[in-house]
Amino acid sequence: QMQLVESGGGLVQPGGSLRLSCAASGFTLDNYVIGWFRQAPGKEREGISCIRSDHSSVNYLDSLKGRFTISRDNAANTVYLQMNSLRPEDTAVYYCAARRVYCTGIGGYYPQWGQGTQVTVSS
C-alpha cells in the first residue's frame, strides 16, 4: 500500500525553473528519508539529494549546487525538489524514493520508488 507519486515535470526552456513534488500515501514520511534521483537516456541513474525527517539534507552532485533545493512538508506528506537555472543536461526522468533513517546516494538501497516524472529542458 506504500506509494510515492512524482509530479511537476514538463518542458522548460534553459534558465527556467520547475518544482517537482513527491507525494506519499500509505505511510508517513516522518519515519523516512526521501531521495531524489534522475536518469537521462543512455545514462545510469544518479542521486541528486536526500532529505531527512528533521529537514536536514545532503546533496550529491556538485553541478546542481545552488540550483536544486530539496525540502519537505511532513504535514502534507510531501517532498519537493525546486529546480532553478535549468540546463539541457538536466533533461531526465526524475524519481523520488524512500528508505529508513539514513540518506545515501545511488549506491544505497531504497525499497520504495515512484514512477518518475519527465523533465525536458530545451529551447
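These figures come from a predicted structure and were not determined experimentally.

Student: So what's going on with the nonpolar core? Residues and values would help.
Tutor: With 28 residues, the main nonpolar core has I34, W36, F68, V79, L81, M83 and Y94 as its most contacted residues. With 6 residues, the next largest nonpolar core counts F37, C50, C103 and Y110 among its residues.

Student: With reference to specific residues and values, describe the side chain of R99.
Tutor: Summarising the element assignment, R99 is placed in strand 9 (residues 92-99). For the buried R99, which has no salt bridge, the nearest side chain bearing the opposite charge is D54, at an N-O separation of 13 Å. A polar contact of 2.4 Å, which involves the side chain of R99, links it to the backbone oxygen of Y102. Setting aside its immediate chain neighbours within four residues, R99 contacts Y32, V33, T104, Y109, Y110 and P111.

Student: Pulling in residues and values, what's your account of the sheet that holds strand 8 (residues 78-83)?
Tutor: Taken together, the 4 strands give an open sheet; going across it, the order is 1-3-8-7, and neighbouring strands pair in antiparallel fashion. Two strands close off the open sheet at either side, each with one partner strand: strand 1 (3-7) and strand 7 (68-73). Going from strand to strand, the sheet's axes swing by 15° on average, the running direction of each strand aside. Strand direction decides the pairing type here: strand 1 and strand 3 (residues 18-25), joined by 5 bridges, are antiparallel. Opposite E6, over in strand 3, you have C22 as the bridge partner.

Student: I'd like a rundown of the pattern of salt bridges, residues and numbers included.
Tutor: One pass over the full model with this rule turns up 4 salt bridges. With a closest N to O distance of 2.7 Å, R38 and E46 form a salt bridge. By relative accessible area, which is 29% here, E46 ends up partly exposed. Measuring nitrogen to oxygen at the nearest pair gives 4.0 Å for the salt bridge that ties R87 to E89. We classify R87 as partly exposed; its relative accessible area is 34%. Accessibility expressed as a relative area gives 52% for E89, which makes it exposed. One continuous salt-bridge network, built from bridges that share partners, spans R38, E46, R67 and D90.

How each quantity is defined
- Residues numbered from 1 in each chain as written.
- Predicted model: local features only at pLDDT ≥ 70, side-chain atom pairs only at ≥ 80, totals over all residues.
- Heavy atoms only, no water.
- Core = buried A, V, L, I, M, F, W, Y, C linked by side-chain atoms within 4.5 Å.
- Buried < 20%, exposed > 50% of the residue type's maximum accessible area, 1.4 Å probe, protein only.
- Helix = DSSP H or I, 4+ residues; strand = E, 2+ residues; numbered from the N terminus.
- Lys, Arg positive; Asp, Glu negative; His and termini not counted.
- Salt bridge = Lys/Arg side-chain N within 4 Å of Asp/Glu carboxyl O.
- Polar contact = N/O pair within 3.5 Å; in protein donor to acceptor, adjacent residues only side chain to side chain.
- Contact = heavy atoms within 4.5 Å.
- Pairing = 2+ DSSP bridges.
- Axes fitted to C-alpha atoms, helices over the stretch in contact; angles between N-to-C directions.

These values are about where atoms sit, not about what they do.
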